[in-house]
Amino acid sequence: MPYRQPKILNSMEQIPTAIQAGNCHNCLLVTGKTSVKLGLTDKLAQILKEKDIACVIYDQTVPNPTTANVIQAKDLYQQKKCDCIIGLGGGSAMDCAKAVGAMVVQPHKTLNRMQGILKVHKSLPLLIAIPTTAGTGSETTVASVIVDSDTRHKYAINDFCLIPQYAVLDPKMTLSLPPKLTSTTGLDALTHAVEAYIGQSTTAYTRKEAESAVKLIFENLPKAYQNGDDIAARKNLLLASYQAGCAFTRSYVGYVHAIAHSLGGKYDISHGLANAVILPYVLEAYGNTCQKQLAQLAVICQMCPQNTPQKQAQQIFLQNLNNLNAQLNIPHKIKELKAEDIPYLARQADKEANPLYPVPLLLDNKELEKIYHRLLEKEC
């Protein structure tokens, strides 16, 4: 498959050169209110202005970006005659920017018609991704995840042309991230790496990237959570997020993501938080089918010696995962979840995951419903 990796820029100061190399002069900057409030967009606009590059800002992107967000940003791109796109923020801003590019090159297709795999089929305008969180890996993936504004159905558009041409991995951009977002986005990256690692479509490359990402996250996420100014930890987490993105965009994810997407669409729950809460439950549901892989991760992360029995090493990994969640104050339940919604949510997750996700163990609707019930504040 024609996967490619974006060219990595190590600071925002390198962006004008990349834009000029693409013979572009007028950027649409897709972001959210938080990035504007923190002054991150002002800094970028100033850098571009010094090089005579115009910058139009769309700052209405919401967590779990909507079709309305994408259409508004696309209209602004066309009205201002932009010729390139920058996504600055967490996964929401980068996903929105990707979808804008898709609509620009496919003006006669709705976002819903591009849902699924390889429905865009055209090269996007120059696209630069600037992650301000170390979690989603959207700066290197084929996916853009969008919520339908009317139905609240959350779906992914997947195409190789959605991989940004450039990814800016500048740890200074993540220093302002508060502890709660540091933890949930970091655990989002951990989920990407683990799901890619235990699935049935791994390669030597994706296993190596996932192993490195898992080790970096366990070593650095508590440090960044406790001390947001730890630039070394921030840099390592950005690298881990990127590596996890490289792994899961090739080897894909599993039921954790399918369940998280259903909850995000229905209740507008943060994707990273949903993944963090769900991951231990799904790994338990997989049981022995991912025992070997989790045992390997336990050894790689130096949680236990090489000669530890496989079942014991798997349990050690799961215990360390639960300990990490506790250390980062991640809840055990999804408080927004309602029992009467579970059959619908399980059907949505089943529809997303099967047969697309190469999971270690196939689960049907009823088995998925059991996981949702475990996520209730009061299990039933």
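Structure first, text after, so check above.
The structure reproduced in this document is the subject of the present report.

Conventions adopted
Residues numbered from 1 in each chain as written. Predicted model: local features only at pLDDT ≥ 70, side-chain atom pairs only at ≥ 80, totals over all residues. Heavy atoms only, no water. Helix = DSSP H or I, 4+ residues; strand = E, 2+ residues; numbered from the N terminus. Rg over C-alpha atoms; globule rule 2.2 N^0.38 Å. Buried < 20%, exposed > 50% of the residue type's maximum accessible area, 1.4 Å probe, protein only. Contact = heavy atoms within 4.5 Å. Areas by Shrake-Rupley, 256 points an atom, 1.4 Å probe, with all protein chains shown as cover. Lys, Arg positive; Asp, Glu negative; His and termini not counted. Charge placed at Lys NZ, Arg CZ, Asp CG, Glu CD. 1 Å grid on protein atoms, 1.4 Å probe; cavity = no way out; pocket = protein on both sides within 12 Å on 5 of 7 lines; lining within 4 Å. Points joined across faces, edges and corners; volume = space filled by probe spheres on them. Nonpolar A, V, L, I, M, F, W, Y, C, P; charged D, E, K, R; others polar. Expected span 1.5 Å × (residues − 1). Bend = angle between axes of the 7 residues up to and from the residue. Phe/Tyr/Trp six-rings, centres within 6.5 Å; stacked < 30°, edge-to-face > 60°. Pairing = 2+ DSSP bridges. Axes fitted to C-alpha atoms, helices over the stretch in contact; angles between N-to-C directions.

## Notes on the overall build of the chain
From N to C terminus, the chain includes 14 helices and 9 strands. A compact globule built from 380 residues should have a C-alpha radius of gyration of about 21 Å, and the chain, at 20 Å, falls within 12% of that. For the chain, the spread of C-alpha atoms along the three principal axes comes to 60 × 40 × 40 Å. In the chain, which comprises 380 residues, the share counted as buried stands at 59%. Long-range contacts, defined as pairs at least 24 residues apart, comprise 78% of the intrachain contacts of the chain with a sequence gap of at least 6. For the chain, the exposed area adds up to about 15,700 Å²; of that, 52% sits on carbon and sulfur atoms. Averaging the locations of the 38 positively and 32 negatively charged side chains of the chain gives two centres separated by 2 Å.

## Section: empty space enclosed by the protein
Tallying each qualifying case throughout the model produces 2 cavities of 30 Å³ or more. By volume, the largest cavity amounts to about 40 Å³. By residue number, the principal contributor to the lining of the largest cavity is helix H6 (residues 179-198), which donates 3 residues. When the residues that make up the lining of the largest cavity are grouped by side-chain class, the tally is 3 nonpolar, 5 polar and 1 charged. Space inside the second largest cavity adds up to approximately 30 Å³. Taken together, Glu-195, Ile-198, Gly-199, Val-253, Gly-254, Tyr-286, Pro-358, Val-359 and Pro-360 make up the lining of the second largest cavity. Considering only residue class, the lining of the second largest cavity consists of 6 nonpolar, 2 polar and 1 charged.

## Re helix H10 (residues 271-286)
Between its first and last C-alpha atoms H10 spans 21 Å; for 16 residues at 1.5 Å apiece the expected length is 22 Å, and the two agree. Taking the largest bend as the criterion, H10 deviates by roughly 40°, centred on Ile-278, and proline Pro-280 comes between one and four positions later. H10 sits mainly inside the fold: 13 of its 16 residues count as buried. After H10 finishes, the residue Gly-287 shows a positive phi value of roughly 60°.

## Observations concerning the packing of aromatic side chains
Under the definition given, this model contains 4 aromatic pairs. With centroids separated by 5.5 Å and ring planes inclined at 65°, the aromatic side chains of Tyr-252 and Tyr-357 adopt a geometry described as edge-to-face. Here Tyr-252 is found in the loop between helix H8 (231-251) and helix H9 (255-267), whereas its partner Tyr-357 is found in the loop between helix H13 (342-353) and helix H14 (365-375), with 105 residues between them in sequence. Judged by its relative accessible area of 16%, Tyr-252 is buried. When the ring of Tyr-255 is compared with that of Tyr-286, the centres are 6.4 Å apart and the planes differ by 40°; the resulting orientation is tilted. Taken together, the positions of Tyr-255 in helix H9 and Tyr-286 in helix H10 put the pair 31 residues apart, joining distant regions of the chain. Here Tyr-255 and Tyr-286 have matching classes, each one buried.

## Section: the sheet that holds strand S8 (residues 154-158)
Judged by pairing direction, the sheet is mixed, and its 3 strands sit side by side in the order S5-S8-S7 without closing on themselves. Looking at the sheet topology across the chains shown, the edges are occupied by strand S5 (116-117) and strand S7 (143-147). Judged from the 2 bridges that link them, S5 and S8 form a sheet pairing that is parallel. By the bridge assignment for S8, Ile-117 is matched with Asn-158.

## Focus: helix H7 (residues 204-226)
Here H7 spans 34 Å end to end across 23 residues, near enough to the 33 Å set by a 1.5 Å rise per residue. A bend of about 35° at Asn-220 is the largest found in H7, and the proline Pro-222 appears one to four places after it.

## Concerning the sheet that holds strand S2 (residues 26-30)
The 6 strands are arranged S1-S9-S6-S4-S2-S3 in an open sheet whose pairing can be described as parallel. Sheet topology places strand S1 (7-9) and strand S3 (54-58) at the edges, where each strand pairs with a single neighbour. Ignoring strand direction, the axes of neighbouring strands in this sheet form an average angle of 20°. One ladder, built from 3 bridges, connects S1 with strand S9 (residues 166-168); its direction is parallel. Bridging across to S9, Ile-8 finds its partner in Ala-167.

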